[in-house]
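As a plain string of letters, each chain reads:
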Amino acid sequence: MDFNALLDELELDVLFVSNPHNVRYLSGFTEGKDAKVVITRAGASLITDGRYLVEASQQRFPYRILLKRSEMNSLLSEFFQGRVGIEADHLSVATLEGFKKDFPTLEFVSTYGVFERLRRRKTPEEIAWIRKAAQLADQGFEHILPFIKPGVQEIEVALELEFFLRKNGSEGLAFSTTVASGERSAMPHGGASPRIIQPGELVTLDFGCVIRGYCSDMTRTVAVGKVSDELRSIYHAVLEAQTLALEAVGPGKRGQELDALARNHLTQRGYGEYFTHGLGHGVGVFIHEGPSLSQASEDTLEADNIVTIEPGVYIPQVAGCRIEDLALVTDTGHEVFSKSPKHLIEL
Ligand code: ZN
Ligand code: ZN
């Protein structure tokens, strides 16, 4: 990355990066929450503490080890000068007050979304890692199907799935796994509870892997035995909406118009009011990043974005269903990373 050009564009002398996802994105340092990156005309440096001596030496930038938290500002005084950019969406008020007190002659300038914008377009390396994370998630889905049956708790299913993913190379979990059955499937982010899965229910599984710090994200809803015509009709309406939106993904498509494709279909089927979230989001070092695909989105897809397409219908006290794929936007259209089957699986 050309840091001088970036500082020129932002009219800054220094940029202080504190958002853990941006620290990780820039430096490759895995514990972004315990480090900062300072960008100056002389280049970028990483600051972390003594617990990470070994890891600090393995990332991209020269590094400095902070022995005491209270010494942060005296260390920063070697880097700070003139106009210093901060990440206004992340830096705490207390930290900024400390800067202003300790550096009374400097000007602190709020920046917004500088690296978040850059993170939207993935490099070939980033694309390869996310593709791999999605492949592992597909294997996890195949592995978990035989465990989903009447009499089993949601949490047992979630733990078996997580154990499989970790054992097979996921560095952690991209987010808390959802295994939501019966009425609980009407909660879009229901997590996994001790509830016992019953015959005739829908079960929604939403989970993701992490490979080299990059996330995957996929949701499937399955039926336990035969489900009612009502649940079957919800499932098919969601699948049709998901297919319509997914097939339309490509460069130049607006997040709002893709959302509308799925939403209008669900509305025609009588479920519009139960689709209570946006269609999808970008995925990278953070599970929810730009571009956003929703009614309020002002984003337009570009090649090398990686986004989810995940419409859902959630009817309180009845059931819910969501189907989510991860897809790469290519120069001419898209490539779907999630390969797990999408027909209604009856276990
Ligand atoms: Zn998801
Ligand atoms: Zn998602």
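Source: prediction; values computed, not measured. (Residues numbered from 1 in each chain as written. Chains lettered and ligands numbered in written order. Predicted model: local features only at pLDDT ≥ 70, side-chain atom pairs only at ≥ 80, totals over all residues. Heavy atoms only, no water.)

Through backbone hydrogen bonds, the strands of a sheet pair up, either in parallel or in antiparallel fashion. The strand order across the open sheet built from six strands is 4-3-2-1-5-6, with neighbouring strands paired in mixed fashion. Each end of this open sheet is capped by a strand with a single partner; those strands are strand 4 (63-66) and strand 6 (107-111). The sheet shows a mean angle of 25° between the axes of neighbouring strands, direction not considered. Across five bridges, strand 2 (residues 36-40) lies against strand 3 (residues 43-49) in antiparallel orientation. Bridging from a neighbouring strand, Val 37 pairs with Leu 46 of strand 3. Lying on the sheet, helix 1 (residues 3-10) is in contact with strand 1 (14-17), strand 2, strand 3 and strand 5 (83-87); it crosses strand 1 at an angle near 100°. Against the sheet, helix 2 (residues 20-27) touches strand 1, strand 2, strand 3 and strand 5, its axis set at about 60° to strand 2. (Pairing = 2+ DSSP bridges. Helix = DSSP H or I, 4+ residues; strand = E, 2+ residues; numbered from the N terminus. Axes fitted to C-alpha atoms, helices over the stretch in contact; angles between N-to-C directions. Contact = heavy atoms within 4.5 Å.)

For a metal with four tetrahedral donors the ideal donor-metal-donor angle is 109.5 degrees, while six octahedral donors give ideal angles of 90 or 180 degrees. Bound to the zinc ion (ligand 2) are the protein donor atoms Asp 217 (OD), His 281 (NE2), Glu 310 (OE) and Glu 324 (OE), situated 2.1 Å from the metal. What the four donor atoms of the zinc ion (ligand 2) show is an angle range of 77 to 149° at the metal, which sorts the shape as irregular. On the primary sequence, the residues serving as donors to the zinc ion (ligand 2) are separated as D-x63-H-x28-E-x13-E. Metal-to-metal, the separation of the zinc ion (ligand 2) and the zinc ion (ligand 1) is 3.1 Å; Asp 217 coordinates the two. With Asp 217 in the loop between strand 10 (214-215) and strand 11 (218-223) and Glu 310 in the loop between strand 14 (306-309) and strand 15 (312-315), this residue pair connects regions lying 93 residues apart in the sequence. Each of the two residues, Asp 217 as well as Glu 310, counts as buried. (Donors = N, O, S within 2.8 Å, 3.2 Å for Na, K, Ca; no water. Tetrahedral: all angles 85-135°; square planar, octahedral: opposite > 155°, others 65-115°. Buried < 20%, exposed > 50% of the residue type's maximum accessible area, 1.4 Å probe, protein only.)

Moving on: the domain arrangement of the protein chain. Examined at the domain level, the protein chain breaks down into domain 1 (3-119) and domain 2 (124-336). On a C-alpha basis, the centroid separation for the pair domain 1 and domain 2 is 35 Å. The interface is formed by four residues belonging to domain 1 together with eight residues belonging to domain 2. Both faces considered, domain 1 and domain 2 share a buried interface measuring about 560 Å² in area, 48% of it formed by carbon and sulfur atoms. The largest per-residue losses of area from domain 1 upon contact with domain 2 belong to His 21, Arg 24 and Arg 119, which jointly make up 76% of the total buried on that side. For the interface between domain 1 and domain 2, the tally reads one salt bridge. (Domains from an automatic or database assignment. Buried area = accessible area lost by both parts, 1.4 Å probe. Salt bridge = Lys/Arg side-chain N within 4 Å of Asp/Glu carboxyl O.)

A few words now on the packing of helix 9 (residues 229-247) against helix 10 (residues 255-268). Direction vectors running N to C along helix 9 and helix 10 enclose 155°, while the axes themselves pass 8 Å from each other. By the angle between their axes, helix 9 is roughly antiparallel relative to helix 10. Taken as a pair, helix 9 and helix 10 cross one another with a handedness that is right-handed. On helix 10, the residues touching Ala 237, Val 238, Glu 240, Ala 241, Leu 244 and Ala 245 of helix 9 are Leu 258, Leu 261, Ala 262, His 265 and Leu 266. For the contact of helix 9 with helix 10, a count of residues per class yields nine nonpolar, one polar and one charged. (Parallel < 35°, antiparallel > 145°, perpendicular 65-115°, else oblique. Left-handed = near helix turned anticlockwise from the far one by under 90°. Nonpolar A, V, L, I, M, F, W, Y, C, P; charged D, E, K, R; others polar.)

Quick look at the coordination of the zinc ion (ligand 1) now. Coordination of the zinc ion (ligand 1) by the protein involves Asp 206 (OD), Asp 206 (OD), Asp 217 (OD) and Glu 324 (OE), with metal-donor separations of 2.0 to 2.6 Å. Around the zinc ion (ligand 1) sit four donor atoms; with metal-centred angles ranging over 54 to 146°, the donor geometry is irregular. Each donor residue of the zinc ion (ligand 1) belongs to the same chain, and together they define the spacing D-x10-D-x106-E. Given a relative accessible area of 0%, Glu 324 falls into the buried group.

So, about the sheet that holds strand 7 (residues 178-181). A sheet is described by the order of its strands in space; here three strands give the open sequence 7-8-11, paired in antiparallel fashion. Edge positions in the open sheet fall to strand 7 and strand 11, since each of these has one partner strand only. Strand after strand, the sheet turns through a mean of 15° between neighbouring axes, direction not considered. Sheet topology note: the strand 7/strand 8 (residues 202-207) ladder contains four bridges and is antiparallel. The residue of strand 8 that forms the bridge with Thr 178 is Asp 206. Each of strand 7 and strand 8 touches helix 8 (residues 154-167); the most contacted strand, strand 7, lies at about 155° to it.

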